[in-house]
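# Commentary on secondary and tertiary structure
Below are the chains, spelled out letter by letter.
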Amino acid sequence: MRTFIFNVNLSYQEFMPYYQGKVNNIEVRDGKQVIWINGRHFRPFLSLNGVNGLFKLTLNQGVDIIALNKLE
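Residues numbered from 1 in each chain as written. Predicted model: local features only at pLDDT ≥ 70, side-chain atom pairs only at ≥ 80, totals over all residues. Heavy atoms only, no water.

## With respect to the sheet that holds strand 4 (residues 51–59)
Within the open sheet, the 3 strands sit side by side as 1-4-5. Their pairing is antiparallel. What marks the edges here is a single partner per strand, and that holds for strand 1 (2–10) and strand 5 (65–70). Each strand of the sheet is rotated relative to its neighbour by a mean of 25 degrees, with strand direction disregarded. Taken together, the 9 bridges between strand 1 and strand 4 define a ladder with antiparallel strand orientation. Paired with F6 across the bridge in strand 4 is F55. Where helix 1 (residues 12–19) meets the sheet, it contacts strand 1 and strand 4, and its direction lies at approximately 125 degrees from that of strand 1. (Pairing = 2+ DSSP bridges. Helix = DSSP H or I, 4+ residues; strand = E, 2+ residues; numbered from the N terminus. Axes fitted to C-alpha atoms, helices over the stretch in contact; angles between N-to-C directions. Contact = heavy atoms within 4.5 Å.)

## Topic: the packing of aromatic side chains
According to the stated counting rule, one finds 6 aromatic pairs in the structure shown. Note on F45 and F55: the rings are 5.1 Å apart at their centroids and 80 degrees apart in plane angle, and the pair reads as edge-to-face. Placement of the pair is F45 in the loop between strand 3 (33–38) and strand 4 and F55 in strand 4, with a sequence separation of 10 residues. Cluster of aromatic residues (ring-pair linked, three or more members): F6, F42, F45 and F55. (Phe/Tyr/Trp six-rings, centres within 6.5 Å; stacked < 30°, edge-to-face > 60°.)

## Considering the side chain of T58
Its location among the elements puts T58 in strand 4. Under the relative-accessibility criterion, T58 is labelled buried at 11%. Those residues within four positions of T58 in sequence are excluded, and the remaining contacts are M1, R2, T3, D64, I65, I66 and A67. (Buried < 20%, exposed > 50% of the residue type's maximum accessible area, 1.4 Å probe, protein only.)

## Concerning the nonpolar core
If you look at the biggest cluster of nonpolar residues, it comprises 17 residues, and the most contacted ones within it are F6, V8, F42, F55 and L57. Sorting the residues of this core by element identifies strand 1, helix 1, strand 2 (25–30), strand 3 and strand 4 as the ones contributing at least two each. Residue contacts for V8: discarding those within four places in its chain leaves V28, F42, V51, N52, G53 and F55. (Core = buried A, V, L, I, M, F, W, Y, C linked by side-chain atoms within 4.5 Å.)

## Notes on helix 1
When helix 1 is considered as a whole, its buried residues turn out to be F15, M16 and Y18. When helix 1 is viewed along its axis, its buried side chains cluster within an angular range of 165 degrees and face the same direction. In this fold, the buried residues of helix 1 make contact with strand 1, strand 2 and strand 4. Positioned one or two residues after helix 1, G21 has a phi angle of 80 degrees, which is positive. (Arc of directions from axis to C-beta.)

This is how it looks when you write it as structure tokens:
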């Protein structure tokens, strides 16, 4: 398994294209590593303030998402 820790700070309005499926992937960075994650995985974390916080992504040996958790 591989894990990545990263921050996401998107306002409600900024996240709407991802929520609506108009835009698919959110680019995040774990240090210098760039990761593209489908915006649908962040829908459970959407609030009136948008999607904000520190997240942990766990992948299997391939590229399948095992878990996406908000840490703070």
